[in-house]
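Examining the three-dimensional arrangement
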Protein chains: 2
Amino acid sequence: MMNIIRFGDVPLASLLIRTVEKSGVTEAVRDIIADVRARGDEALYEYAAKFDGASLSALEVTPAELQAAYDRTDEAFLAVLEEAAANIRAFHSREKREGFRIERPDGTYMGMKVTPIENVGLCVPGHTAAYPSTVLMTAIPAKLAGCRQLVMISPPGPDGTQPDAILAAAKIAGVDRVFRLGGAHGVAALAYGTASVPRVDKIVGPGSAWVAEAKRQVFGRVDIDMIAGPSEILVVADDTNDPAVVAADLLSQAEHDVLATAILITDSMALAEGVQAEVERQLSLLPREAIARASVENNGRIIVTDDLPAAIEAANALAPEHLEICVDDPAPYLDLVRNAGSVFLGKYCPEALGDYLAGPNHTLPTAGAARFSSPLGVDDFIKTTQYTCFTREALESVSGDIALFARREHLEAHARSALVRFDRDAVAREAAAQESVKREAVT
Amino acid sequence: MMNIIRFGDVPLASLLIRTVEKSGVTEAVRDIIADVRARGDEALYEYAAKFDGASLSALEVTPAELQAAYDRTDEAFLAVLEEAAANIRAFHSREKREGFRIERPDGTYMGMKVTPIENVGLCVPGHTAAYPSTVLMTAIPAKLAGCRQLVMISPPGPDGTQPDAILAAAKIAGVDRVFRLGGAHGVAALAYGTASVPRVDKIVGPGSAWVAEAKRQVFGRVDIDMIAGPSEILVVADDTNDPAVVAADLLSQAEHDVLATAILITDSMALAEGVQAEVERQLSLLPREAIARASVENNGRIIVTDDLPAAIEAANALAPEHLEICVDDPAPYLDLVRNAGSVFLGKYCPEALGDYLAGPNHTLPTAGAARFSSPLGVDDFIKTTQYTCFTREALESVSGDIALFARREHLEAHARSALVRFDRDAVAREAAAQESVKREAVT
């Protein structure tokens with residue numbers, strides 16, 4: 001049963017699982033990465049056999065296989081995939097950025113240009129967590145950014161294939177190449193490249209603790225999006241809510257993972273008790289009852305506050321992945337939100353709407369990372385380059401200042417590079433003077 | 001002497017130092033972080049004694065001490081600091097972003113809001129690399145982003161103080177709190193907090209291999225900007241350049257560090273030979289001759305290509321931190337640049353202009369990271385939050401699609417959360433039906 005707690009009775013920091021460390025993973029992942037670097041494709045085939053139980057004849061899915069998977073997918077589901085893709089495209093197209101350019105009357109200019117990251121790797125989990133929605137959510141922002149090549153990895157089942165729904169989504173999203181690879185070995189292949197797998201510049205997407213650790217280890221050689229942890233939902237609700245609705249929303253995250261966290265914060269003890277009872281009732285009717293029950297019993301909490309602004313402040317402190325604000329007029333509360341991945345406003349906005357169809361991304365910062373990081377989006381697939389162009393006159397007018405600054409940092413070559421264009425003799429004189437000082441110091 | 005190489009004679013990948021691993025640093029840093037977590041301020045005082053030779057009476061610089069350091073700084077340098085700060089502010093203010101909001105005629109809306117990261121830590125190196133320019137370059141974008149608190153760490157000298165120039169720059173840039181801390185212990189204090197040092201949400205700025213490793217280890221708990229490596233300059237120049245000028249620009253980076261890399265790519269063998277001779281001549285006149293000479297001899301290269309577009313393509317493959325394009329009409333070449341941190345265009349744009357005064361940032365991706373990451377800027381100090389608000393009618397019109405999608409992912413609780421608002425009975429019926437299927441399967 002979900003515990004009901006008065007706000008302030010337990011420290012907020014104890015409410016969300018903030019670190020999940022599996023012992024042994026670090027070393028095992030290090031070995032796998034080293035092995036993939038050393039043996040390439042040969043190692044990949046062996047890991048597919050070991051971890052997925054699959055005896056693969058090829059690592060890559062051919063265009064014909066992709067088409068065949070798409071053709072086998074039923075019309076109704078294809079229509080929903082296309083609808084979701086259109087909404088995701090519409091939302092993320094608003095994230096696209098332009099560079100800027102500052103021009104001054106003296107002819108100097110400077111600015112920033114935006115270019116896509118050329119090659120990106122998309123991790124899509126498999127087996128029981130093979131979610132076609134993840135394909136859409138990772139690939140579509142990359143396409144919008146203009147990446148040249150999208151390389152997707154997703155583990156095969158024991159029969160060596162990936163689900164048709166995953167492949168159909170890849171086709172709809174415009175993924176360029178698909179590999180039957182998961183886990184740490186898949187991440188290693190993307191980071192270092194093998195004969196079959198192209199090396200990429202950035203790796204994004206969710207995965208197991210192994211994938212997360214592999215991403216952490218290759219970070220620096222390639223970029224990564226974030227280290228994803230178990231899913232979290234925080235529902236803020238007042239006494240006008242139906243307990244059955246709030247309970248259903250909490251359980252929609254609890255069913256993901258025994259480590260998932262579902263929390264309700266309300267200013268109504270009546271709602272708290274109603275939701276507590278409803279969660280019990282609905283739990284017993286869920287196909288994934290065991291997972292959801294473990295999540296609710298271990299990590300679920302119902303917190304009762306004096307008022308809703310206090311509930312929002314608690315949300316800011318927890319920085320949840322998903323935040324529902326279930327009140328009739330949610331807009332003023334949104335203004336108070338500082339730390340959250342994705343906010344669902346009002347009584348008709350279940351988190352599942354955002355998982356699939358609304359358009360905003362579902363790849364979100366977890367474990368408090370919403371304090372400092374953002375939902376996956378177009379920004380993750382671009383980078384910027386600064387540029388500066390000065391005229392002779394403009395440089396001349398500041399060259400003395402540059403030299404002064406550089407000399408205060410004891411970087412004489414910096415100073416000279418600013419001066420040499422105008423007065424080679426002065427630099428030589430300066431250098432000769434210093435040289436004689438050096439000589440005197442020696443003699 | 002800098003080697004002259006025909007393009008294609010050596011693999012490009014061999015030209016830039018791409019990994020610098022110091023053995024033992026990983027474990028030593030892990031121990032320091034654990035120690036700071038366990039013992040807090042006490043450990044910090046001990047590490048200041050051990051690494052900086054400083055017997056500190058207080059970790060934090062008081063406002064009065066900050067003011068006194070500012071007052072001791074000479075007017076001429078304060079004026080240059082203010083000039084640089086104004087230019088940096090002007091450039092980075094153009095990076096500020098607004099959120100967006102999409103409203104549909106049916107009353108639904110969704111969007112993205114931008115909020116500053118609340119607490120940021122700024123690492124400023126000390127001792128021989130105590131650069132006031134780094135204070136301005138890290139703090140000003142954070143102030144523009146609207147961060148609530150800027151916490152700067154910079155190591156003290158053996159007398160327990162930091163240079164006045166560093167503190168004056170902190171005052172000008174609007175840093176809120178300054179600590180006499182460097183190295184891995186300073187990063188640990190920022191990531192975990194101690195009695196004296198506030199815990200922050202993100203840590204940025206350059207540092208030694210120890211600082212870089214500490215940032216890598218605390219990444220996830222806090223965000224970090226990037227893992228900075230040794231400085232790099234790539235100069236692309238045609239035969240209209242003065243070899244003395246090109247040589248001076250190359251040496252301005254070579255003097256930073258024996259691991260720094262300076263490369264010239266030109267289509268002119270005459271320029272190549274002229275620069276080779278000038279580098280030798282100017283090296284002997286530099287105060288930091290030993291460092292610059294080691295850098296040039298170990299990592300310096302002059303590469304001769306058939307034409308300048310080939311030189312730009314080589315630059316894209318190397319993704320340098322700094323790229324100078326020294327030609328009379330550089331604009332068409334800028335269009336070809338995809339991977340570089342900061343580009344300096346034309347013959348009057350030495351890299352040192354960007355280090356201090358022009359306005360663009362000098363904290364830039366190194367070691368090829370310009371393939372996937374960006375100069376430090378306002379973006380590093382904000383994060384985004386998505387939001388979605390649907391009406392009853394809007395949710396009802398897609399609730400079936402959400403349920404279909406969720407069930408294809410075997411997430412029944414997700415499906416029910418979308419349906420429960422409209423038809424509690426249907427959900428109950430569905431649940432009961434599934435329950436009876438479960439029971440039949442069992443019996």
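What you see is a predicted model, and the numbers here were worked out from it, not measured in a lab. (Residues numbered from 1 in each chain as written. Chains lettered and ligands numbered in written order. Predicted model: local features only at pLDDT ≥ 70, side-chain atom pairs only at ≥ 80, totals over all residues. Heavy atoms only, no water.)

Some remarks on the overall build of chain A
Heads up, the condition is: Where helices and strands are cited, they refer to DSSP runs of H or I of at least four residues and of E of at least two residues respectively, numbered from the N terminus. When accessible area is computed with a 1.4 Å probe and restricted to protein chains, residues below 20% of their type maximum are described as buried, those above 50% as exposed, and intermediate ones as partly exposed. By the convention used here, residues are in contact when the closest approach between their heavy atoms is within 4.5 Å. We get accessible surface area from the Shrake-Rupley algorithm with a probe of 1.4 Å; when it comes to residues, only the shown protein chains can shield them. Positive charges are assigned to Lys and Arg, negative charges to Asp and Glu, while His and the chain termini are left out of the count. Note that the charge is assigned to NZ on lysines, CZ on arginines, CG on aspartates and CD on glutamates.
A count of helices and strands for chain A gives 17 helices and 15 strands. Viewed in the frame of its principal axes, chain A has a C-alpha envelope of about 90 × 60 × 45 Å. For chain A, with 443 residues in total, the buried portion stands at 60%. For chain A, contacts bridging at least 24 residues in sequence account for 73% of all contacts bridging at least 6. With an accessible surface of roughly 15900 Å², chain A has 52% of that area assigned to carbon and sulfur atoms. For chain A, the distance from the average site of its 42 positive side-chain charges to the average site of its 63 negative ones is 10 Å.

Topic: the sheet that holds strand β5 (residues 119–123) of chain B
Residues and elements named next belong to chain B. Counted only if it meets this: Here a strand pair is declared whenever DSSP counts at least two bridges between the two strands. Axis lines are fitted through C-alpha atoms, for helices just across the contact stretch, and the angle between N-to-C directions can take any value from 0 to 180 degrees.
On the basis of which strands lie adjacent, the open sheet formed by six strands has the order β2-β7-β6-β5-β8-β9 and mixed pairing. At either margin of the open sheet sits one strand with a lone partner, and together these are β2 (60–61) and β9 (223–224). In terms of strand pairing, β5 meets strand β8 (residues 202–204) through three bridges, oriented parallel. In the sheet register, Val120 faces β8, and the bridge partner there is Lys202. Each of β5, β8 and β9 touches helix α8 (residues 209–218); the most contacted strand, β8, lies at about 160° to it.

Thoughts on the relation of the copies chain B and chain A
Rule in force here: Least squares is the method used to superpose the copies, on C-alpha atoms of residues holding a pLDDT of at least 70 in both.
The transformation that overlays chain B on chain A combines an axial shift of 0.0 Å with a rotation of 180°, and the residual RMSD is 0.0 Å. Put plainly, the chains are arranged around a two-fold axis. The rotation axis passes nearest to the C-alpha of Arg216 of chain B in chain B, at a distance of 4.4 Å. The fraction of interface residues of chain B whose copies in chain A are also interface residues reaches 100%, indicating that both copies meet through the same surface.

Looking at the side chain of Asp225 of chain B
Residues and elements named next belong to chain B. Mapped onto the secondary structure, Asp225 falls in the loop between β9 and β10 (232–237). Note on Asp225: relative accessible area 13%, which makes it buried. Excluding residues within four positions of it along the chain, Asp225 makes contact with Lys202, Ile203, Val204, Gly205, Lys215, Thr363, Leu376 and Asp380.

Quick notes on the pattern of salt bridges
Residues and elements named next belong to chain A. Rules: Counted as salt bridges are all cases of a side-chain nitrogen of Lys or Arg within 4 Å of a carboxyl oxygen of Asp or Glu.
This model, assessed by the stated rule, comprises 56 salt bridges over all chains. Residue Arg293 is joined to Glu289 by a salt bridge in which the shortest nitrogen-to-oxygen separation is 3.3 Å. You can see Arg293 and its partner Glu289 sitting in helix α11 (residues 289–299), four residues apart, about one turn around the helix. For the salt bridge of Glu412 with Arg407, the shortest nitrogen-to-oxygen distance reads 2.9 Å. Take Arg407: its relative accessible area is 30%, and that puts it in the partly exposed class. Through salt bridges that share partners, Asp35, Arg39, Glu42 and Glu46 make up one connected network.

Points about the pairing of strand β5 (residues 119–123) of chain A
Along a regular strand, successive side chains alternate from one face of the sheet to the other. Residue and element names in this part refer to chain A. Keep this limit in mind: Crossover handedness is defined here as right-handed if the route from the first strand over the helix to the second strand goes clockwise, with the strands pointing away from the viewer.
Within β5, five of the five residues are buried, leaving the element largely enclosed by the surrounding structure. With five bridges connecting them, β5 and strand β6 (residues 149–153) associate as parallel partners. Paired with Cys123 across the bridge in β6 is Ile153. Handedness of the crossover is the feature at issue here: the chain leaves β5, passes through helix α5 (residues 132–145), returns alongside β6, and the resulting connection is right-handed.

As for the nonpolar core
For clarity, the cut-off: Residues grouped as a nonpolar core are buried Ala, Val, Leu, Ile, Met, Phe, Trp, Tyr and Cys residues, joined through side-chain atoms within 4.5 Å.
In terms of nonpolar packing, the biggest core is built from 67 residues, with Ile402 of chain A together with Leu81, Leu122, Leu136, Met152 and Phe381 of chain B touching the most fellow members. Ignoring sequence-local partners within four residues, the contact set of Leu136 of chain B consists of Phe405 of chain A together with Leu81, Ala84, Ala85, Ile88, Pro141, Ala169, Ile172 and Ala173 of chain B. By size, the runner-up hydrophobic cluster in this structure holds 66 residues, among which are Ala170 and Ala358 of chain A together with Ala415 and Ala418 of chain B.

Considering the sheet that holds β5 of chain A
Residues and elements named next belong to chain A. Read from one edge to the other, the open sheet built from six strands follows the order β2-β7-β6-β5-β8-β9, with strand pairing classed as mixed. Of all the strands in the sheet, the pair left with one neighbour each is β2 (60–61) and β9 (223–224). Both strand β8 (residues 202–204) and β9 contribute to a ladder of two bridges, which runs parallel. Of the residues in β9, the one forming a bridge with Lys202 is Asp223.

Description of the interface of chain B and chain A
The test is simple: A 3.5 Å cut-off defines polar contacts: any pair of N or O atoms within that distance qualifies, except that in protein one atom must be a possible hydrogen donor and the other a possible acceptor, and neighbouring residues in sequence count only when both atoms are side-chain atoms. The nonpolar class holds Ala, Val, Leu, Ile, Met, Phe, Trp, Tyr, Cys and Pro. Asp, Glu, Lys and Arg form the charged class, and all remaining residues, Gly among them, are polar.
Opposite the 126 residues of chain B that make contact, chain A presents 127 residues. Taken together, the connections running from chain B to chain A amount to 10 salt bridges. The salt bridge partner of Arg408 of chain B is Asp74 of chain A, with a shortest N-O separation of 2.7 Å. Seen at the junction of chain B and chain A, the total is 64 residue pairs in polar contact (both at pLDDT 80 or more). Taken together, the residues of the side of chain B that touches chain A break down into 63 nonpolar, 24 polar and 39 charged. As paired elements, strand β14 (residues 342–345) of chain A and strand β15 (residues 382–389) of chain B share four bridges and run parallel to each other.

Examining unusual backbone geometry
A positive phi angle, near 60°, is found at Ala367 of chain B, a position not held by glycine. Looking at Ala367 of chain B, the relative accessible area reads 26%, which means it is partly exposed.

Quick look at the environment of Ala413 of chain B
Secondary-structure assignment places Ala413 of chain B in helix α16 (residues 412–419). Here the alpha-carbon distance between Ala413 of chain B and Leu357 of chain B, two residues 56 residues apart in the chain, equals 57 Å. Excluding its chain neighbours within four sequence positions, the residues that come into contact with Ala413 of chain B are Ala248, Leu251, Ser252, Glu255 and Leu286 of chain A.

Considering α16 of chain B
Of all eight residues in α16 of chain B, seven are buried, a share of seventy percent or more. If you check which residues of α16 of chain B are buried, you get Glu412, Ala413, His414, Ala415, Arg416, Ser417 and Ala418 of chain B.

A look at the environment of Asp306 of chain B
All names here are of chain B. Here Asp306 lies in the loop between β12 (301–304) and α12 (308–318). When near neighbours in sequence (up to four residues on either side) are disregarded, Asp306 contacts Arg6 and Asp267. Of the polar contacts made by the side chain of Asp306, one reaches the side chain of Arg6; its length is 3.4 Å.

Looking at the packing of helix α15 (residues 392–408) of chain B against α16 of chain B
Residues and elements named next belong to chain B. What counts, and what does not: In this scheme, roughly parallel covers angles under 35 degrees and roughly antiparallel covers those over 145, while 65 to 115 is roughly perpendicular and the rest are oblique.
The interhelical angle for the contact between α15 and α16, taken along N-to-C directions, is 170°, at an axis separation of 8 Å. With respect to their mutual orientation, α15 and α16 come out roughly antiparallel. Across the interface between the two elements, Leu395, Ser399, Ile402, Ala403, Ala406 and Arg407 of α15 pack against Glu412, His414, Ala415, Ala418 and Leu419 of α16. Classifying every residue of the contact of α15 with α16 gives seven nonpolar, two polar and two charged.

Some remarks on the pairing of strand β13 (residues 322–326) of chain A
Residue and element names in this part refer to chain A. With five of five residues buried, β13 lies mostly within the body of the structure. Residue alternation in β13 divides its side chains into two sets, His322, Glu324 and Cys326 and Leu323 and Ile325, and both sets are buried. Taken together, the four bridges between β13 and β14 define a ladder with parallel strand orientation. From the neighbouring strand, Ile325 faces β14, where its bridge partner is Leu345. Crossover β13 to β14 through helix α13 (residues 331–336) is right-handed.

Examining the packing of helix α1 (residues 25–39) of chain A against helix α8 (residues 209–218) of chain A
All names here are of chain A. Rules: Less than a right angle of anticlockwise turn of the near helix away from the far helix marks a crossing as left-handed, whereas a clockwise turn marks it as right-handed.
Put simply, α1 and α8 touch, their axes get as near as 9 Å, and they point 65° apart. When the axes of α1 and α8 are compared, the pair comes out roughly perpendicular. In this structure, α1 crosses over α8, and the sense of that crossing is right-handed. Along the contact surface, α1 presents Val25, Thr26, Ala28, Val29, Arg30, Ile32 and Ile33, while α8 presents Ala209, Trp210, Glu213, Ala214, Gln217 and Val218. Looking at the contact of α1 with α8 residue by residue, the classes come out as nine nonpolar, two polar and two charged.

The quantities given are spatial measurements derived from coordinates; they are silent on function.
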